[in-house]
Amino acid sequence: MSRFRRGTLALLLAATLPLPLAAAGTAAAVAAPAPPAAHLSPAASPAAPAPHAPLELPRPTGPYAVGRDTLHLTDKQRRDPWVPSAGARELMASMYYPARPGSHGAHVPYMATEEARLLLAGTRHTDALPPEQLAATRTHARTGARASGGKHPLVVLSPGFSLNRATLSLLSEELASHGYVVALLDHAYESFGSAFPGGRTLTCAACDTVEHAPENAQQKLMAKAATGRAADISFVIDTLTSAPGSRHTPAWRHAALIDPKRIGVAGHSIGGAAAAGVMAADRRVRAGVNMDGTFFVPVPRSGLQGRPFLMLGSLDGSAPGSGDATWLRDWRRLDGWKRWLTVRDAGHFSFIDLPVLGAQLGITDPKAPLSGERSGEITRDYVSAFFDQQLRGIPQPLLDGPSPANPEVVFQNP
């Protein structure tokens, strides 16, 4: 049975179902990541908090305060690939930036209530918690925060297929607190629900397209999604930066913070596949991270011109021999600094916010028993270390080999 069909799509609740795309990936396959449901199942612990207990992202560890703006971006040179009648390709970007310590301003919302409702409905877990509770998750970024001075690396983040960009908020805040500008994207019609200007909440037309396609066409559609996202990311870089002597005015008020010579890309699931894709197409991107995503578009046989790449995934889904043949294929093609890290007891969602928030409700997934706290710490520490080393030139012993402080992390070198 296809993971893309209704009933298994529920983000597709297919962690326990057969996956016909084994040649392309396992639970790490973008179109069918291990479900949020796994992290929103009933808790057995009698110490679990009350159902309406407030949720909160972990506090960022860096020296900067965190500011956040929101941008609506339109690429008038491209039509939307999923809903051509909608016209030009649209994106939403949460722009996180390092702010001066002590900056005031309201905490930014985690997501809109309607976005939360659609996420819970899409995963068939409307009874797990009220959408208002998920939407009200406490963040640490503030509106109107005073930007720090100087130039900072830019990291563009892309979420998993069908997931709202808010699910990468923890990593975004962490990177910004350490002096990175972060552009966290929503790609139109590729999430269960994303709010756009004009009171519009766009739903996942791409999910419907993939779900109803013949199985032999689904991989091509996911390759289309990855390629489209790579083009989205290049467009975002265009809008946020300007070449010397250019008359182009960047779209963001704090664009002067960005060092255009230090740009990285990371993503979860299909977003991770897009990270490799944009590196193949856009030389401005100096470093990339794939978090548990199948490479639906292969890394070129010639490699990535020696640029560094980090592969970070679950031990069961992304290790050599796990079933996702694309990781071994593309590992061999990477021609620069590279690491292939897999995490014991992790699931597909262990690299985003959901298990971290689920743990605060006393919820764990027996098939991915890594605690929510450790899920957040491992993702935060290894992704930050990678960009510190590759975009800032700061050596990171954490990336040299196994660490006693992180026994869950396995260094693969097939």
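Provided above is the structure to which this section pertains.
Residues numbered from 1 in each chain as written. Predicted model: local features only at pLDDT ≥ 70, side-chain atom pairs only at ≥ 80, totals over all residues. Heavy atoms only, no water.

A. Inspection of the overall build of the protein chain at higher detail. Secondary structure assignment for the protein chain yields 10 helices and 11 strands. Sorting the 414 residues of the protein chain into buried and exposed places 61% on the buried side. Within the protein chain, contacts between residues at least 6 apart in sequence are counted, and of these 74% link residues at least 24 apart. Of the roughly 15300 Å² that the protein chain leaves accessible, carbon and sulfur atoms contribute 55%. (Helix = DSSP H or I, 4+ residues; strand = E, 2+ residues; numbered from the N terminus. Buried < 20%, exposed > 50% of the residue type's maximum accessible area, 1.4 Å probe, protein only. Contact = heavy atoms within 4.5 Å. Areas by Shrake-Rupley, 256 points an atom, 1.4 Å probe, with all protein chains shown as cover.)

B. Fine view of the sheet that holds strand β10 (residues 338–343). The sheet built from 9 strands is open, its strands ordered β1-β2-β4-β3-β7-β8-β9-β10-β11 with mixed pairing. Only two strands of the sheet have a single partner each, and these edge strands are β1 (65–79) and β11 (409–412). Across the sheet, the mean angle separating the axes of adjacent strands is 20° when strand polarity is ignored. Judged from the 6 bridges that link them, strand β7 (residues 258–268) and strand β8 (residues 285–291) form a sheet pairing that is parallel. Of the residues in β8, the one forming a bridge with A266 is V289. Contacting β1, β2 (88–99), β3 (152–158), β4 (181–187) and β8, helix α3 (residues 169–177) crosses the sheet at an angle of about 45° to β2. Packed on one face of the sheet, helix α10 (residues 372–392) meets β3, β7, β8, β9 (309–314), β10 and β11 and runs near 165° to β8. (Pairing = 2+ DSSP bridges. Axes fitted to C-alpha atoms, helices over the stretch in contact; angles between N-to-C directions.)

C. A look at the packing of aromatic side chains. Tallying each qualifying case throughout the model produces 8 aromatic pairs. Between W331 and W340 the ring centres are 5.7 Å apart and the planes differ by 55°, which places this aromatic pair in the tilted class. Considered together, W331 and W340 belong to a single accessibility category, that of buried residues. Relative to F387, the ring of F386 has its centre 5.2 Å away and its plane inclined at 65°; by these criteria the two rings are edge-to-face. Residue F386 shares its accessibility class with F387, and that shared class is buried. Its guanidinium or amino end placed over the ring of W331, K338 lies 4.4 Å from that ring's centre, counting from NZ or CZ. (Phe/Tyr/Trp six-rings, centres within 6.5 Å; stacked < 30°, edge-to-face > 60°. Lys NZ or Arg CZ within 6 Å of the ring centre and 35° of its normal.)

D. The arrangement of the state of the cysteines in detail. Scanning the entire structure with this criterion turns up 1 disulfide. The disulfide partner of C204 is C207, and the S-S distance across this bridge is 2.0 Å. What sets the handedness of the C204 and C207 disulfide is the S-S torsion sign, and at about 70° it is right-handed. (Disulfide = S-S within 2.5 Å.)

E. Looking closely at the packing of helix α4 (residues 205–212) against helix α5 (residues 215–240). Where α4 contacts α5, the axes come no closer than 8 Å and their chain directions differ by 155°. Considered as vectors, α4 and α5 are oriented roughly antiparallel to each other. Residue-level contacts link T209, V210 and E211 of α4 to Q218, L221 and M222 of α5. Across the contact of α4 with α5, the residue classes tally to 3 nonpolar, 2 polar and 1 charged. (Parallel < 35°, antiparallel > 145°, perpendicular 65-115°, else oblique. Nonpolar A, V, L, I, M, F, W, Y, C, P; charged D, E, K, R; others polar.)

F. The environment of G264, seen in detail. Looking at the element boundaries, G264 is found in strand β7. Placed 21 residues apart in sequence, G264 and V285 show a C-alpha to C-alpha distance of 5.4 Å. Among all residues touching G264, those that are not within four sequence positions of it are L154, V155, V156, V285, A287, F387 and L391.

G. Region of interest: helix α6 (residues 270–281). For α6, built from 12 residues, the straight-helix expectation of 16 Å at 1.5 Å per residue is met to within 8% by its first-to-last C-alpha distance of 16 Å. When you tally the buried positions in α6, you get 9 out of 12 residues, the bulk of the element. Taken together, the buried positions of α6 are I270, G271, G272, A273, A274, A275, A276, V278 and M279. (Expected span 1.5 Å × (residues − 1).)

H. Molecular detail of unusual backbone geometry. With a phi angle near 60°, S269 is a residue other than glycine that sits in the positive phi range. Tracing the backbone through its elements, the reader meets S269 in the loop between β7 and α6. Unusually for a residue other than glycine, D345 sits at a positive phi of about 65°. For D345, a relative accessible area of 46% translates into the label partly exposed.

I. The pairing of β8, seen in detail. For β8, a buried count of 6 out of 7 residues is recorded, marking the element as mostly surrounded by other parts of the structure. Crossover connection from β7 via α6 to parallel β8: handedness right-handed. Note that β8 and β9 share 4 bridges and pair parallel. Looking at the pairing, N290 lines up with M311 of β9. (Right-handed = clockwise from strand over helix to strand, strands pointing away.)

The quantities given are spatial measurements derived from coordinates; they are silent on function.
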